[in-house]
Number of protein chains: 2
Amino acid sequence: MSFNKKSIKVFAPATVANVVCGYDILGFAVNQPGDEVIMRFTDGKGMTISKITGDNGKLPLNPAKNTVSASVQHYLNHIGKPDVGIDIELHKKMPIGSGLGSSSASTVAGLFAVNSLFDDLLTNKALVPFAMKGEELACGYGHADNVAPALMGGFVLIRSYDPLDIISLPFPEDMHAAIVYPEVDVPTKDARQMIRSKVLLKDAVTQWGNVAGLVSGLFMKDYDLIGRSMTDILVEPTRSILIPDFAKLKSLALRNGAIGFGISGSGPSVFALTKDAGTAEKITKKLQQHLQSISINSLAFVSEVNKKGPIILD
Amino acid sequence: MSFNKKSIKVFAPATVANVVCGYDILGFAVNQPGDEVIMRFTDGKGMTISKITGDNGKLPLNPAKNTVSASVQHYLNHIGKPDVGIDIELHKKMPIGSGLGSSSASTVAGLFAVNSLFDDLLTNKALVPFAMKGEELACGYGHADNVAPALMGGFVLIRSYDPLDIISLPFPEDMHAAIVYPEVDVPTKDARQMIRSKVLLKDAVTQWGNVAGLVSGLFMKDYDLIGRSMTDILVEPTRSILIPDFAKLKSLALRNGAIGFGISGSGPSVFALTKDAGTAEKITKKLQQHLQSISINSLAFVSEVNKKGPIILD
């Protein structure tokens, strides 16, 4: 193994988990927003975090408590280099607690960076379990529906968690996402705790019919089927309560050409899938205007479905 | 419209509903067994059933109570010919109450026959709601996971029941089914009543991960993924109690090359999917030998996945 790079700068993308009906098992990545990590070997022993920007001081600089360094440490232990000297700079370029896989983007950027420094010892898919350790630290449970698409790009199915079984799904080439983040606070842990632990079997049947329909629609590149399947009768009715004027935002998106609309991850971000960038732009504008009219600031992002996962910037 | 045929003989196939993880939403058809209907116009008014064979006297000859004639009557009402004279002969070529869609095969044969007599006024897919009326009469609820694959052939997804949304899925060309019917009695109504009405959300997540995996595996023609996804933690644990030595049959099938194994519909029939006919033959032999060793008679069927749905025999 050659330490052929002394420093590397990586971007990793935001992700939309659940995709309405696929609670805990589906997610996709977008081209923006995302986070950047600069990583370099040092002459010291162990990890340091020299800088974090864009987090308003929210994230810990202590390497044992930061999800990025904690995941990277798992990786280093795995490859038998637990004490190698590494410094991390984390540049948050997306809001924390937005439901867009913010912790996942940072963690994935860190893991992709360290794996690049070690000459791509592992595949991106093989990095998923390390990234899940970071999610456990950030959210209280080690889910994969953000980190897997952030690492692998595109649409991803987590068929099973035990054993971990991850499948890349196809999708229509031109599909775009319109994402709007209303600036209200919805911590992931609280959003999960609101969800009932038991559900009616008949409702579960309805849900897995839609999951099967969405997956079929992705394979068939059938926008109508994708849209018809983007229905969630189990989780959305509860989580949407935390999102200002959710029903209004949904009807605005669908009236303006969205093929489907829902909550991104645990919210409060919402997203629409569209057939093209223009429709996505129009939808973000309508949603932001409405949020402004009820005095809520928001951020908006329009992107293709990300096809690459993390990339090296420098 | 011309009454261009005075008489028609139709075969409609047996079907495997649920396909392990896809309770109420997935099913596929096989080439055998199946039922036959001979239908002819009469000079009289309304329907008659002149003959039923192979049912051991179990099925009603009264057209208002028989699922075949009742479904055909719905069709005739729909096309504005409620009083046309039609006679039906039903030849049961498969066991009743076997979990192989016996009532569905008869009903579908009848509907395909009457639609053929009326010059294919409706598509096979459009006949599904009429067949569901027959299922309601036979089983107490109007499910589609037998009648839709029996009418359309192949693998079928019922994405939604309200509104009805049916999707044909692809599958590996060479895939075969090994079906064994242990001759014990499991009425569909009882089999349904055993199932819990509430389930843990985390179990439902596991299940829809597998549903999504099975659908992906069918599109990708990936036998391994299909097999890994054929796991049912919600319904099989309960229903399998009614099937003699279910766990033993399962391990025998998997050890002898099955890619997946489970209960067909509400049982007691079991089925394995295989990559070829030889493996399917071997599995049915092993399963029948075991059942014989515990003094249970059985019937076995080996078939490709049916690609056509019902066919005209004469």
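Please read all numbers here as calculations on a predicted model, not as lab measurements. Counting from 1, residues in each chain are numbered in the order their sequence is written. Chain A is the first chain written and ligand 1 is the first ligand written, with later ones labelled in order. Local features in this predicted model are restricted to residues of pLDDT 70 or higher, and side-chain atom pairs are both shown and tallied only at a pLDDT of 80 or more, whereas totals for entire chains, interfaces and linings draw on every residue. Side-chain numbers come from the whole structure's heavy atoms, not from hydrogens or water.

So, about helix 6 (residues 201-220) of chain A. Residue and element names in this part refer to chain A. Runs of H or I in DSSP of at least four residues are treated as helices and runs of E of at least two as strands, each being numbered from the N terminus. One less than the number of residues in a helix, times 1.5 Å, gives the span that helix is expected to have. Taking 1.5 Å per residue as the helical rise, helix 6 with its 20 residues ought to reach 28 Å, and the 28 Å between its terminal C-alpha atoms agrees with that figure. Where burial is concerned, most of helix 6 is hidden: 17 out of the 20 residues are buried. A positive backbone phi angle near 50 degrees is found at Lys221, which sits one or two residues after helix 6. Under the scheme applied here, a residue whose accessible area is under 20% of the maximum for its type counts as buried, over 50% as exposed, and between as partly exposed, the area being computed with a 1.4 Å probe on protein chains only.

We now examine the sheet that holds strand 10 (residues 270-274) of chain A. All names here are of chain A. DSSP-based pairing: two strands are paired if at least 2 bridges between them are found. Taken in spatial order, the 4 strands make up an open sheet running 9-10-7-11, and their pairing is antiparallel. Unpaired on one side and paired on the other, strand 9 (260-263) and strand 11 (298-304) mark the two borders of the sheet. Averaged over all neighbouring strand pairs, the angle between strand axes comes to 15 degrees, with direction disregarded. In this structure, strand 9 lies alongside strand 10, joined through 4 bridges in antiparallel fashion. Each residue of the ladder has a partner; that of Ile263, found in strand 10, is Val270. To get an axis, a line is fitted to the C-alpha atoms, and for a helix only the part in contact is used. The angle between two axes follows their N-to-C directions and goes from 0 to 180 degrees.

Attention now moves to the sheet that holds strand 7 (residues 176-182) of chain B. Residue and element names in this part refer to chain B. A sheet is described by the order of its strands in space; here 4 strands give the open sequence 9-10-7-11, paired in antiparallel fashion. Where the open sheet ends on each side, the last strands, each with one partner, are strand 9 (260-263) and strand 11 (298-304). Averaged over all pairs of adjacent strands, the angle between strand axes in this sheet comes to 15 degrees, irrespective of strand direction. Lying over the sheet, helix 9 (residues 246-255) contacts strand 9 and strand 10 (270-274), oriented at roughly 155 degrees with respect to strand 9. The contact rule is simple, with two residues in contact once any of their heavy atoms fall within 4.5 Å.

Residue and element names in this part refer to chain A. Under the domain assignment, chain A is made up of domain 1 (7-170) and domain 2 (176-304). Domain start and stop points were drawn from an automatic or database domain assignment. Its C-alpha centre places domain 1 at a distance of 24 Å from the equivalent point of domain 2. Buried area: the accessible surface (1.4 Å probe) lost by two parts on joining, summed over both. Between domain 1 and domain 2, a total of about 2700 Å² is buried, with carbon and sulfur atoms accounting for 68% of that surface. The rule for a salt bridge is simple: a side-chain nitrogen of Lys or Arg has to be within 4 Å of a carboxyl oxygen of Asp or Glu. At the surface where domain 1 touches domain 2, the tally comes to 0 salt bridges. What qualifies as a polar contact is a pair of N or O atoms within 3.5 Å, subject to a donor-acceptor requirement within protein and to the restriction that residues adjacent in sequence count only when both atoms come from side chains. Summed over the shared surface of domain 1 and domain 2, the result is 8 residue pairs in polar contact (both at pLDDT 80 or more). The set of elements that each furnish at least two residues to the side of domain 1 that touches domain 2 consists of strand 1 (7-17) and strand 2 (26-41). Under the convention adopted here, Pro, Cys and the residues Ala, Val, Leu, Ile, Met, Phe, Trp and Tyr are nonpolar, Asp, Glu, Lys and Arg are charged, and Gly plus all remaining residues are polar. Residue composition of the side of domain 1 that touches domain 2, by class: 20 nonpolar, 9 polar and 1 charged.

Here the copies were fitted onto each other by least squares, based on C-alpha atoms from residues at pLDDT of at least 70 in both. Of the two same-sequence chains, chain A is brought onto chain B (RMSD 0.0 Å, axial shift 0.0 Å) by a rotation of 180 degrees. This pairing of chains is accounted for by a two-fold axis. When the interface residues of chain A are mapped onto chain B, 100% of them are again interface residues, pointing to one common binding face.

As a further point, take unusual backbone geometry. Pro33 of chain A follows Gln32 of chain A through a cis peptide bond whose omega is 0 degrees. Looking at the element boundaries, Pro33 of chain A is found in strand 2. In this structure, Val19 of chain B takes a positive phi of about 50 degrees despite not being glycine. With phi around 65 degrees, Ser295 of chain B is a residue other than glycine that occupies positive phi space. Of note, Ser295 of chain B is situated in the loop between helix 10 (277-293) and strand 11. For Ser295 of chain B, a relative accessible area of 66% translates into the label exposed.

Attention now goes to the interface of chain A and chain B. The interface of chain A with chain B comprises 35 residues on the first partner and 35 residues on the second. At the boundary of chain A with chain B, total buried surface from both sides reaches about 2800 Å², with 73% on carbon and sulfur atoms. Sorting the residues of chain A by area buried against chain B places Arg159, Leu201 and Trp208 of chain A first, and these three jointly supply 27% of that buried surface. Counting the contacts that link chain A with chain B gives 11 residue pairs in polar contact (both at pLDDT 80 or more). At the level of secondary structure, the elements contributing two or more residues to the side of chain A that touches chain B comprise strand 5 (155-161), strand 6 (164-169), strand 8 (198-200), helix 6 and helix 7 (223-229) of chain A. Here the element with the most residues in the side of chain A that touches chain B is helix 6 of chain A; it accounts for 14 residues. Summarising the sheet, strand 8 of chain A and strand 8 (residues 198-200) of chain B pair through 3 bridges and their orientation is antiparallel. Along strand 8 of chain B, the bridge assignment pairs Val199 of chain A with Val199 of chain B.

This next bit is on a nonpolar patch on the surface. All names here are of chain A. Patch building starts from residues that exceed 30% relative accessible area and form no salt bridge, then joins like charges within 9 Å and nonpolar side chains (Val, Leu, Ile, Met, Phe, Trp, Tyr) within 5 Å. For accessible areas, the Shrake-Rupley method is used with a probe of radius 1.4 Å. Any residue's cover is judged against the shown protein chains and nothing else. Among the surface-exposed residues, Met194, Ile241 and Leu242 lie close enough to one another that they form a single nonpolar patch of about 260 Å² accessible area. Note that Leu242 resides in the loop between helix 8 (236-239) and helix 9 (246-255). Given the relative accessible area of 34%, Leu242 is considered partly exposed.

The subject of this paragraph is the packing of aromatic side chains. In this scheme Phe, Tyr and Trp rings, the latter by its six-membered ring, pair at centre separations within 6.5 Å, and the angle between planes marks the pair as stacked below 30 degrees, edge-to-face above 60, and tilted otherwise. In total, this model carries 15 aromatic pairs over all chains according to the counting rule given. With centroids separated by 6.4 Å and ring planes inclined at 45 degrees, the aromatic side chains of Tyr75 of chain A and Phe118 of chain A adopt a geometry described as tilted. Taken together, the residues span a long stretch of sequence, with Tyr75 of chain A in helix 1 (residues 67-78) and Phe118 of chain A in the loop between helix 2 (102-117) and helix 3 (128-139) at a distance of 43 residues. Each of the two residues, Tyr75 of chain A as well as Phe118 of chain A, counts as buried. Judged by centre distance (4.9 Å) and plane angle (15 degrees), the ring pair of Phe219 of chain A and Phe219 of chain B falls under stacked.

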